[in-house]
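Next come the chains, spelled out residue by residue.
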Amino acid sequence: MKAISIVGKKKTGKTTVGLALVKCLTDRGLKVGVVKHSHHGFDGIEGADTEEYKAIASAVAAYSPSQSFVSWAAERTVQDMIPLMDVDVIVMEGGNKVGWLPRIIMVREDNDDKEFYPELALKQMPACTRETPPSPAEIEKLADLVLEKGFILPGLNCGACGREFCMDFVADIIAGKARVSGCQAKAGSMSVTCNGSELGFNPFVSDILSAGITAMLRQLKGFVPGDIEIKIKSGS
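Residues numbered from 1 in each chain as written. Predicted model: local features only at pLDDT ≥ 70, side-chain atom pairs only at ≥ 80, totals over all residues. Heavy atoms only, no water.

**Q** Quick question: what am I supposed to make of a nonpolar patch on the surface here?
**A** A cluster of nonpolar side chains, Val 70, Met 81, Leu 84, Met 85, Val 87 and Ile 90, forms an exposed patch at the surface whose accessible area comes to about 470 Å². Structurally, the position occupied by Val 70 is in strand β3 (residues 68-72). (Patch = residues over 30% accessible without salt bridge, like charges linked within 9 Å, V, L, I, M, F, W, Y side chains within 5 Å. Areas by Shrake-Rupley, 256 points an atom, 1.4 Å probe, with all protein chains shown as cover. Salt bridge = Lys/Arg side-chain N within 4 Å of Asp/Glu carboxyl O. Helix = DSSP H or I, 4+ residues; strand = E, 2+ residues; numbered from the N terminus.)

**Q** What am I meant to see in the pattern of salt bridges here?
**A** It is possible for side chains of opposite charge to pair when their charged atoms get near one another. Per the counting criterion, the structure on display carries five salt bridges. The salt bridge partner of Glu 51 is Lys 54, with a shortest N-O separation of 3.2 Å. Residue Glu 51 and its partner Lys 54 are located together in helix α2 (residues 44-56), separated by three residues, close to a single helical turn. Assessed through its relative accessible area of 28%, Lys 54 is described here as partly exposed. Between Asp 113 and Lys 114 there is a salt bridge, with its nearest N and O atoms 3.8 Å apart. For Lys 114, a relative accessible area of 57% corresponds to the exposed category. (Buried < 20%, exposed > 50% of the residue type's maximum accessible area, 1.4 Å probe, protein only.)

**Q** Hey, could you run me through empty space enclosed by the protein in this one?
**A** A probe matching the size of a water molecule, rolled over the atoms, marks out where space remains unfilled. Tallying each qualifying case throughout the model produces one cavity of 30 Å³ or more. Space inside the largest cavity adds up to approximately 100 Å³. Lining the largest cavity are 15 residues, with Cys 158, Gly 159, Cys 161, Cys 166 and Cys 183 sitting closest to its centre. Tallied by class, residues from the lining of the largest cavity come to ten nonpolar, four polar and one charged. (1 Å grid on protein atoms, 1.4 Å probe; cavity = no way out; pocket = protein on both sides within 12 Å on 5 of 7 lines; lining within 4 Å. Points joined across faces, edges and corners; volume = space filled by probe spheres on them. Nonpolar A, V, L, I, M, F, W, Y, C, P; charged D, E, K, R; others polar.)

**Q** What's the story with unusual backbone geometry in this structure? I'm lost.
**A** Glycine aside, a negative phi is what most residues show, and trans is what most peptide bonds show. Residue Tyr 117 is not a glycine yet carries a positive backbone phi of 55°. For Tyr 117, a relative accessible area of 28% translates into the label partly exposed. Phi at Asn 157 is positive, roughly 50°, even though this residue is not glycine. Tracing the backbone shows Asn 157 in the loop between α4 (136-149) and α5 (166-174).

**Q** Please clarify how the nonpolar core should be interpreted in this entry.
**A** The tendency in soluble globular proteins is for nonpolar side chains to be buried side by side. In this structure, Trp 100, Leu 153 and Phe 169 are the most contacted members of the largest nonpolar core, which totals 17 residues. With six residues, α5 is the single largest residue contributor to this core. Among residues more than four places away in sequence, those in contact with Leu 153 are Trp 100, Cys 166, Phe 169, Val 170, Val 180 and Cys 183. Membership of the second largest hydrophobic core comes to seven residues, among which are Leu 19, Val 22, Val 32 and Ala 57. (Core = buried A, V, L, I, M, F, W, Y, C linked by side-chain atoms within 4.5 Å. Contact = heavy atoms within 4.5 Å.)

**Q** Is there a simple way to explain the environment of Phe 151 in this structure?
**A** Note that Phe 151 resides in the loop between α4 and α5. Residue classification places Phe 151 among the buried positions, given a relative accessible area of 14%. The spacing of Phe 151 and Leu 101 is 50 residues in sequence and 6.0 Å in space, taken between C-alpha atoms. Excluding its chain neighbours within four sequence positions, the residues that come into contact with Phe 151 are Leu 101, Pro 102, Val 170, Ile 173, Ile 174 and Val 180.

Any functional reading would require information beyond the geometric quantities listed.
Below, the structure written as structure tokens:
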């Protein structure tokens, strides 16, 4: 990977040169990533500069004392993004066809939920506006529900649980016919976490990798049968 930084005092043309360089490299068919630092956050001019980079770069990462983010100029899967998020709870807005986590459906009237897979819903709530929001008590109850019953599956559609799609398994969990622990992609002989988020494995792939790694480790002095833990530091 090639890399360069552009530095200088304020109003010395750093962004002007950076935008021109990114466009030039992009026009040559290269995928260009931008990392932008700000001492003051990304409102005002800094935010406008970042938006200009987003318009031409393949990916933009930005960091400051108050916030950091990554933006890609293409769709990425939720599974790609979640390992980058050091959080305890994920709240997704939209994603009707993402069927491997439960949902809350906002409805305007009866039977207004049919295209949103009501079988995946923990709760339906009446539509609201900024002028007519839910009461604080309602939001508190919603938060309790999320903490009690929220979950996320790997979304592999591997079929190991006996259902064709993860969506079917989620529906059974919501209906009380199954438990999250029944997801075979998270119950194999091998588990991998990335920045604290567990990655899902097709059970067949899990068994193959587990057997292969174990076979290699058997050749090392000091190996004894038992649970194996490997940690890989991918860099800072």
